[in-house]
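# Residue-level structure breakdown
Residues per chain are reported as follows:
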Amino acid sequence: MSKILVHCRLIDSLSCSLRPNTYYYTFHCHTNDLGSSYLNLNAAQYCISVMALQDDPCSEVEVLLSFSTFSRPTTVPLGSGYEVLYETFLSVYGHHIDVLRKFIIQIYSDEWGQYIDFPEGFTIFNKARLRLVPLQSEGTSLGNLTPDTTAFFCCDMQERFRPAIKYFEEIISVGQRLIHGAHLLGSPLIVSEQYPKGLGSTVPELDISAAGLVYTKTKFSMILPEVEKVLAALPKIRSVVLFGVETHVCIQQTALDLIGRGYEVHVVADSTSSRSMVDRMFALKRMAQLGVIITTSESVLLQLVADKEHPKFKAIQSIIKTSAPDSGLLINV
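What comes next concerns the included structure. (Residues numbered from 1 in each chain as written. Predicted model: local features only at pLDDT ≥ 70, side-chain atom pairs only at ≥ 80, totals over all residues. Heavy atoms only, no water.)

Inspection of the sheet shows strand β5 (residues 60-67) paired to strand β6 (residues 70-77) by eight bridges, in the antiparallel sense. The partner of Leu-65 across the bridge, within β6, is Arg-72. Remark: two residues form the turn of the hairpin made by β5 and β6, two consecutive strands paired antiparallel; Ser-68 in that turn has positive phi of roughly 55°. (Pairing = 2+ DSSP bridges. Helix = DSSP H or I, 4+ residues; strand = E, 2+ residues; numbered from the N terminus.)

Quick look at the structure:
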């Protein structure tokens, strides 16, 4: 292994209020490879502790991890940063936090007498109190919908399901309203087809020509790499309006995958069904318990326009002028 002789010079320093005897430093590094010039190491992102650097680099440091009403002491490797701490939170509270939308880690500051956001590039060298804090989605309040932060997911509305799914004609009719509304408001539409070789294509009543993605799948959940790629290209999306079949299988598994990735999910009760109404009823109850919003097509469309002065209000009004079809779905919610 070759050795490199590095000369550093201190440019400035800033006291680190979170730990005594600790400072933020900016260094320049002298290198012969680049003509004996000095390079900025950008070391202001790193916190150097005079005492900690003398410790065994393999040692552990005690931390108290808090989430919601829970607190548990544990240890992490000396010098752990955000990623290691996040993984530690998951290992301790994973079964509680897997449905969080977004979160930050905070550390208790003796100087301020309260928790503050974990500084970028900061690492743990001394005993500390940390907590994981869920955040409200940006650009929208809980349960609200706006056209530029909402995507529509149409799940497996295919021909071969027609004779098997209860109230299939009714949920197709409502699906038409949702797809038309999404197109009018400029919200992206993603459409899945489950094993179309055996189950056929999307029913012809649904115009999916403007969909951003139509893809085939064998997995029950809609969340496949191609969908994640589309969502990654739409960073403003915070909410998903989900409808289709079957409620207790593909809809439920898609909803759980989405909330696990930080999205707010609105399942449209009058546009989702199953072969069994018992399965449908308990799936809707389970999803609601896990934070999925169970709603209706008219509620979704009117939330998206929000105001009768919205330029698309009259067009949306014409869609909902005739009420969604009555069916036995209501008594099984």
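In this structure, Lys-217 sits in strand β12 (residues 213-217). Sequence-distant contacts of Lys-217, defined by excluding residues within four places in its chain, comprise Asp-156, Ser-192, Glu-193, Gln-194, Tyr-195, Met-222, Leu-224 and Cys-250. (Contact = heavy atoms within 4.5 Å.)

The next point concerns the nonpolar core. Of all hydrophobic cores here, the largest spans 34 residues; its most connected members are Phe-152, Phe-168, Leu-206 and Val-300. When contributions to this core are tallied by element, the ones reaching two or more residues are β10 (150-155), α2 (168-185), β11 (189-194), β13 (239-245), α7 (297-305) and α8 (313-320). No other element matches α2, which puts eight residues into this core. Ala-255, Ile-259, Tyr-263 and Leu-284 belong to the second largest nonpolar core, which has 27 residues in total. (Core = buried A, V, L, I, M, F, W, Y, C linked by side-chain atoms within 4.5 Å. Buried < 20%, exposed > 50% of the residue type's maximum accessible area, 1.4 Å probe, protein only.)

Let us now look at the environment of Val-265. Relative to the assigned elements, Val-265 resides in strand β14 (residues 264-273). Separated by 29 residues in the primary sequence, Val-265 and Ile-294 place their C-alpha atoms 8.5 Å from one another. Leaving out residues up to four positions away in the same chain, Val-265 has contacts with Val-240, Leu-242, Ala-255, Leu-258, Ile-259, Val-292 and Ile-293.

Orientation of helix α5 (residues 247-260) relative to helix α6 (residues 277-289), taken along the N-to-C sense of each, is 10°, at an axis distance of 9 Å. As summarised for this structure, α5 and α6 are arranged roughly parallel, according to the angle between their axes. Within the contact between the two elements, α5 uses Thr-247, His-248, Ile-251, Gln-252, Ala-255 and Leu-256 and α6 uses Asp-279, Arg-280, Ala-283, Leu-284, Arg-286 and Met-287. In terms of residue class, the contact of α5 with α6 is made up of six nonpolar, three polar and three charged. (Axes fitted to C-alpha atoms, helices over the stretch in contact; angles between N-to-C directions. Parallel < 35°, antiparallel > 145°, perpendicular 65-115°, else oblique. Nonpolar A, V, L, I, M, F, W, Y, C, P; charged D, E, K, R; others polar.)

Next up on the list: the sheet that holds strand β15 (residues 293-295). The sheet built from six strands is open, its strands ordered β12-β11-β10-β13-β14-β15 with parallel pairing. What marks the edges here is a single partner per strand, and that holds for β12 and β15. Neighbour-to-neighbour, the strand axes of this sheet turn through a mean angle of 25°, independent of strand direction. Bridge count between β10 and β11: four bridges; the pairing is parallel. In the strand pairing of β11, Cys-155 is matched with Ser-192.

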